[in-house]
Amino acid sequence: MPKPEILDPQGKAVQGALPRLGFTGVVDVRQGKRFEIELEGEVTDEVLAQVEKMAATLLANPVIENYTVSLEDGAPARSEQGAAR
Amino acid sequence: MKVGVVTFPGSLDDVDARRAVRIGGNEAVALWHADADLKGVDAVILPGGFSYGDYLRCGAISRFAPVMERVVEAAGAGMPVLGICNGFQILCESHLLPGALIRNDHRKFVCRDQLLRVENNRTPWTAAYDEDQEIRIVLKNGEGGFVADAETLARIEGEGQVVARYLEVNPNGSLNDIAGIANERGNVVGLMPHPEHAVEELTGSGLDGLGFFTSLVETALA
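Now for a quick tour of the structure. Values in this document were obtained by computation on a predicted structure and should not be read as measured data.

**Some details on the overall build of chain B**
Thinking step 1. Helices and strands together make up the secondary structure of chain B, namely 5 helices and 11 strands.
Thinking step 2. Its C-alpha atoms give chain B a radius of gyration of 15 Å, near enough to 17 Å, the size a compact globule of 222 residues would have.
Thinking step 3. For the C-alpha atoms alone, the extent of chain B along its principal axes is close to 40 × 35 × 35 Å.
Thinking step 4. Taking the contacts inside chain B whose residues are at least 6 apart along the sequence as the reference set, 72% of them involve residues at least 24 apart.
Thinking step 5. For chain B, the computed accessible surface area is about 8600 Å², with 50% contributed by carbon and sulfur atoms.

**Side note on the environment of Gly190(B)**
Residue and element names in this part refer to chain B.
Thinking step 1. Counting through the fold element by element, Gly190 comes out in strand β11 (residues 188-191).
Thinking step 2. Take Gly190: its relative accessible area is 0%, and that puts it in the buried class.
Thinking step 3. Distance from Gly190 to Leu82, taken between C-alpha atoms, is 5.8 Å for residues 108 residues apart in sequence.
Thinking step 4. The contacts of Gly190, once residues within four sequence positions are left out, are Gly83, Phe88, Leu91, Leu97, Ala179, Gly180 and Ile181.

**Thoughts on the environment of Leu82(B)**
All names here are of chain B.
Thinking step 1. With respect to the helices and strands, Leu82 occurs in strand β4 (residues 81-84).
Thinking step 2. Taking the C-alpha atoms as reference points, Leu82 and Val44, 38 residues apart in sequence, are found 6.4 Å from one another.
Thinking step 3. Each residue touching Leu82, except ones within four places of it in the same chain, is listed here: Val44, Ile45, Leu46, Leu91, Trp125, Val189 and Phe212.

**Some words on the packing of aromatic side chains**
Residue and element names in this part refer to chain B.
Thinking step 1. Overall, the coordinates contain 2 aromatic pairs over all chains when judged by the stated rule.
Thinking step 2. Centroid distance Phe88 to Phe146: 6.2 Å. Interplanar angle 15°. Geometry classified as stacked. Separated by 58 residues along the polypeptide, Phe88 in helix α3 (residues 86-93) and Phe146 in strand β8 (residues 145-147) bring together distant segments of the chain.

**Re the pairing of strand β10 (residues 178-182) of chain B**
Every regular strand shows the same layout, with side chains that alternate between the two sheet faces.
Residues and elements named next belong to chain B.
Thinking step 1. Among the 5 residues that make up β10, 5 are buried, leaving the element largely enclosed by the rest of the structure.
Thinking step 2. Of the strand pairs in this sheet, strand β9 (residues 162-166) and β10 are connected by 3 bridges, and their pairing is antiparallel. Counterpart to Arg165 in the pairing with β10 is Ile178.
Thinking step 3. Across 3 bridges, β10 lies against β11 in antiparallel orientation. Residue pairing across strands places Ile181 opposite Gly190, the latter belonging to β11.
Thinking step 4. Remark: 5 residues form the turn of the hairpin made by β10 and β11, two consecutive strands paired antiparallel; Gly186 in that turn has positive phi of roughly 95°.

**Comments concerning a nonpolar patch on the surface**
Thinking step 1. A cluster of nonpolar side chains, namely Phe35(A), Ile37(A), Leu39(A) and Met54(A), defines an oily patch on the protein surface of about 310 Å² accessible area.
Thinking step 2. Looking at the element boundaries, Met54(A) is found in helix α2 (residues 45-59).

Cut-off values and rules
Residues numbered from 1 in each chain as written. Chains lettered and ligands numbered in written order. Predicted model: local features only at pLDDT ≥ 70, side-chain atom pairs only at ≥ 80, totals over all residues. Heavy atoms only, no water. Helix = DSSP H or I, 4+ residues; strand = E, 2+ residues; numbered from the N terminus. Rg over C-alpha atoms; globule rule 2.2 N^0.38 Å. Contact = heavy atoms within 4.5 Å. Areas by Shrake-Rupley, 256 points an atom, 1.4 Å probe, with all protein chains shown as cover. Buried < 20%, exposed > 50% of the residue type's maximum accessible area, 1.4 Å probe, protein only. Phe/Tyr/Trp six-rings, centres within 6.5 Å; stacked < 30°, edge-to-face > 60°. Pairing = 2+ DSSP bridges. Patch = residues over 30% accessible without salt bridge, like charges linked within 9 Å, V, L, I, M, F, W, Y side chains within 5 Å. Salt bridge = Lys/Arg side-chain N within 4 Å of Asp/Glu carboxyl O.

Okay, here's the thing in structure tokens:
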């Protein structure tokens, strides 16, 4: 996610569009990115540390973005299930 | 001097940059993003464009191109490196320059002849200009808003690392109207507007950009 003090023009554009569609009461919108990373084998602390490193090195720019890494079990991803039906 | 111009997949202004290098009195050497060496050049330019389609973030993937390892090493050793537009974004992603460039605050692509003030003429890329000289060169970007945290911004200002500042209008929401910055040593410079498009009377807004390409010779002879 863009850091709170960094302007988020994309979020602002979405925020501007919502009232035009009749969605009221939205005070702020921030737009970020989500990466779904599939790993082989068991996710040990070591593997998780690798993913943290991926995030800090490439996936996020720590100068302007914060990130969190969370672990979810099982496949397929929810979006794929949605698309299949 | 031999000046390398790196072409990444998606670079647009590499040919113009090489031409500007030649018009500025130097030898242009084409470098490819996958090159493992810098072919003996004395300086490097990272040109404008949309390297790797600007995927992920502008410059984020280019930063890890093989040639960039060499560029980062050489910059650390004092080699002059100039990043224009997308090249500026790559230099920030590489942490060779502080801060970052984000989407223009007004969310539109901007293309205009932009007035700038060259505030730091002590870099190898700006030595041909007078201090506080005003120049007009083309600006064209979608993600040219320069941002940095308050502490970094204060340091850049305090150390005289602002190379160029926007005059008349702030075209993209850059903090403190910053158009270009240098690293602490001054050998690495990033600039959002495009001096390589202002080196010939026939095309572009004039000759105001030429100084970025003649400065190397002046610096070498100084």
